[in-house]
Amino acid sequence: MRRHLPFERLHNFRDLGGYRTADGGTVRWETLYRSDSLAKLAGADAHADLERFRELGVVTVIDLRYPWEIAAKGRHPETEPQSWHNLSIEHRPYDQAEIDPGVDPWRHLADRYAEVALDGAAELREALEVIAAAEGPLVFHCASGKDRTGLLAALVLALLDVSDEQILDDFALTELATERLIADWRAAHPGRRLRWPGYGRAPAEIMRLVLADLRTEYGSVHAYVTGHVGLDPAVVHALRARLVEPPA
């Protein structure tokens, strides 16, 4: 329950704390969160969720969705005091509901993540800079809190020297929200058929492929982030200082 924060309308809100780093440190709890769309906090029926969100003391929100998604679905309530950053890391939109059921689903999604890693360098760099500089709890999210959010979470954890095993485990926790994510899709698309049976899934194999692809292409995740993404190594140190509790 400490990792999965209970909400009525949010299905995939999680604390990224508690993971162990290579030097024996621990990622700080109650400092960095990942989520599905915070637009679900808007509306009269979201009052309880909004109060729960306020209790977390979040000061910064990073919204990884396209501007057109925000225009269609809304953003986290503008009446709230958080600093809000729209950093659309994905540049080639695709409809997961319409993925060909005949393709290798996890390889297909890993290839889409590779596109984000290639195209979204500027936005990923800014997101990492915002996370490193935030002076209080921060949450980043996309629509389902699975793909774009999953990639950014994996990059952050890798830069903190969290093991692959823990990164894969964190990614796969979205599987606990899959049924609710599918229910949301069906409610939003009455009469439309969900063509791809893997919709809402997040098996560890996807992230295993993504990390392997980054290492094949760039040598390491760190080299990818400081090379292609262009992140100043000083920001990596700032991320570690802010997010990792040193070993006792």
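Our subject is the structure listed above.
Residues numbered from 1 in each chain as written. Predicted model: local features only at pLDDT ≥ 70, side-chain atom pairs only at ≥ 80, totals over all residues. Heavy atoms only, no water.

K.L.:
So what's going on with the overall build of the protein chain? Which residues, and what values?
P.N.:
What the protein chain contains, in helices and strands, is 10 helices and 7 strands. Expected size for 248 residues packed as a compact globule is a radius of gyration near 18 Å; at 17 Å, the protein chain falls within 12% of this value. When its C-alpha atoms are laid out on the principal axes, the protein chain stretches across 50 × 45 × 30 Å. The buried share of the protein chain, reckoned over its 248 residues, is 52%. Sequence-distant contacts in the protein chain: of pairs separated by 6 or more residues, those separated by 24 or more amount to 73%. Both charge centroids of the protein chain, one from 29 positive and one from 39 negative side chains, sit 3 Å from each other. (Helix = DSSP H or I, 4+ residues; strand = E, 2+ residues; numbered from the N terminus. Rg over C-alpha atoms; globule rule 2.2 N^0.38 Å. Buried < 20%, exposed > 50% of the residue type's maximum accessible area, 1.4 Å probe, protein only. Contact = heavy atoms within 4.5 Å. Lys, Arg positive; Asp, Glu negative; His and termini not counted. Charge placed at Lys NZ, Arg CZ, Asp CG, Glu CD.)

K.L.:
Report on the sheet that holds strand β4 (residues 60–63), specifying residues and quantitative values.
P.N.:
The sheet built from 5 strands is open, its strands ordered β1-β3-β6-β4-β5 with mixed pairing. Two strands close off the open sheet at either side, each with one partner strand: β1 (14–15) and β5 (83–86). Note that β1 and strand β3 (residues 32–35) share 2 bridges and pair antiparallel. Opposite D15, over in β3, you have Y33 as the bridge partner. (Pairing = 2+ DSSP bridges.)

K.L.:
An account of the packing of helix α4 (residues 121–133) against helix α10 (residues 233–243) is requested, with residue identities and associated values reported.
P.N.:
The geometry of α4 relative to α10 is characterised by a closest axis approach of 8 Å and an angle of 40° between their N-to-C directions. By the criterion of interaxial angle, the relationship of α4 to α10 is oblique. As for the relative orientation of α4 and α10, their crossing is left-handed in sense. Only V235, A238, L239, R242 and L243 of α10 make contact with α4, whose side of the interface consists of L128, E129, I131 and A132. Counted by class, the contact of α4 with α10 contains 7 nonpolar, no polar and 2 charged residues. (Axes fitted to C-alpha atoms, helices over the stretch in contact; angles between N-to-C directions. Parallel < 35°, antiparallel > 145°, perpendicular 65-115°, else oblique. Left-handed = near helix turned anticlockwise from the far one by under 90°. Nonpolar A, V, L, I, M, F, W, Y, C, P; charged D, E, K, R; others polar.)

K.L.:
Just give me the short version of the side chain of D49, but keep the residues and values in it.
P.N.:
On the secondary structure map, D49 appears in helix α1 (residues 47–55). We note that D49 is buried and unpaired, the nearest opposite charge coming from R9 at a distance of 5.2 Å. Not counting residues up to four positions away in its chain, the partners in contact with D49 are F7, E8, R9, L10 and L41. (Salt bridge = Lys/Arg side-chain N within 4 Å of Asp/Glu carboxyl O.)

K.L.:
I'd like a description of the layout of surface pockets, backed by residues and values.
P.N.:
The volume enclosed by the largest pocket comes to roughly 960 Å³. Lining the largest pocket are 29 residues, and of these E69, K73, A143, S144 and Y199 lie nearest its centre. At the level of elements, α2 (67–73) and α7 (178–188) are the ones that each hand at least two residues to the lining of the largest pocket. Of the residues contributing to the lining of the largest pocket, the split by class is 12 nonpolar, 5 polar and 12 charged. The volume enclosed by the second largest pocket comes to roughly 190 Å³. Lining the second largest pocket are 13 residues, with H4, L5, H11, N12 and R180 positioned closest to its centre. (1 Å grid on protein atoms, 1.4 Å probe; cavity = no way out; pocket = protein on both sides within 12 Å on 5 of 7 lines; lining within 4 Å. Points joined across faces, edges and corners; volume = space filled by probe spheres on them.)

K.L.:
Describe α4, and please don't skip the residues or the numbers.
P.N.:
Along its 13 residues, α4 runs 18 Å from first to last C-alpha, staying within 8% of the 18 Å computed at 1.5 Å per residue. Three or more residues of α4 are buried, namely A121, L124, A127, L128, V130, I131 and A132. (Expected span 1.5 Å × (residues − 1).)

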